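Descriptive analysis of the structure
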Amino acid sequence: MNERTLRSSGRSVKVSRADKVLYPQDGITKGDIAEYYRQVGATVVRYTDERPLAAERYPDGIEGQRIFQKNVSTHAPEWIDRVAVPKKEGGETVHMVCTEPAALIHLADQACLTPHVWPSRVDDLQRPDRLILDLDPAGNDLRTLRSAARSAGNLLEELGLAAFVMTTGSRGFHVLVPLRRERTFDQVRDFARDAATVLAEREPRTLTVEQRKTDRSGRVFVDYLRNAYAQTTVAPYAVRARRTAPVATPIAWQELDRVEPWGFTIHDVQQRLDEHGDEWSSIGNRARSLEHPRHLLDELVPST
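Figured I'd write up the structure that's included with this text. (Residues numbered from 1 in each chain as written. Predicted model: local features only at pLDDT ≥ 70, side-chain atom pairs only at ≥ 80, totals over all residues. Heavy atoms only, no water.)

A separate point is helix α1 (residues 30-48). The α-helix winds at 3.6 residues per turn, so residues separated by three or four positions along the chain end up facing the same way. The terminal C-alpha atoms of α1 lie 21 Å apart, and with 19 residues this falls more than 12% below the ideal 27 Å at 1.5 Å per residue. E50 sits one or two positions beyond α1 and adopts a positive phi of about 70°. (Helix = DSSP H or I, 4+ residues; strand = E, 2+ residues; numbered from the N terminus. Expected span 1.5 Å × (residues − 1).)

Although it is not a glycine, S9 adopts a positive phi angle of roughly 45°. Residue position: S9 is located in the loop between β1 (3-8) and β2 (11-16). Unlike most non-glycine residues, A245 shows phi in positive territory, near 55°. Of note, A245 is situated in the loop between β15 (233-234) and β16 (250-251). Taking relative accessible area as the criterion, A245 reaches 0% and is therefore assigned buried. (Buried < 20%, exposed > 50% of the residue type's maximum accessible area, 1.4 Å probe, protein only.)

Further remarks concern the environment of G41. Mapped onto the secondary structure, G41 falls in helix α1. Exposure remark for G41: the relative accessible area of 0% places this residue in the buried category. Along the backbone, G41 and P101 are 60 residues apart, and their C-alpha atoms lie at a distance of 4.4 Å. Excluding residues within four positions of it along the chain, G41 makes contact with P101 and L104. (Contact = heavy atoms within 4.5 Å.)

See below:
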């Protein structure tokens, strides 16, 4: 099988078996995935740098076994950054930290399609700087799904926070809020849970916080559970293991009504970045405290 060498950020990274097909129905190879990450790597690293990373790998292609790997491989090059993260139950996990584009090519060589990252950074793992609401639809009703994303964004803005939206490359949308690192994971998760509850109370026919699928009755699940220690979320511009190799893509709010969650793929994201830039480029400057939004949300949470 052939080997390809890609250069990025001053490093040469070998991609073994580059012609191995990972997407059988589309003919997309491991080399194609590595080349995509070479192209967009500088943008992806904005969202993976300083964060523990987990690798979603498909060594036998997307129709084969899925491996969700948290510990960095013992065979990873020495130049790959690492961080030892304490487990709640004791011991530690040694995560990779993707600080440069070449690391993404290395991951692609390991058949990692989708890097997932923590909502907190390595210098303060207990205090996240991201809050995520994952809007998970019951079916393919895009109108309701888009409305759910907009409602989530509007509520967060109503609370004085800056809300950003991203296609997941799968079935739903993520709505993300940058935070000042003042609150613990438990406090951020509680805030996200209460925000999700308010959304479901306001629109009970279309939104729900019921975790069991059998209790959702076709409604969009407002998933707040990723806001917890050691949970991860799909990195912006990450490839997904679905037909056509769709990409989780930050979008502008005004694009929401014309974009499908799986609408961008490895074939058009680089052109999008060239023409429009990164829609989340200002996210680092929009972090806000949860103190005042917490008081505002307390007024909205239904009493029990």
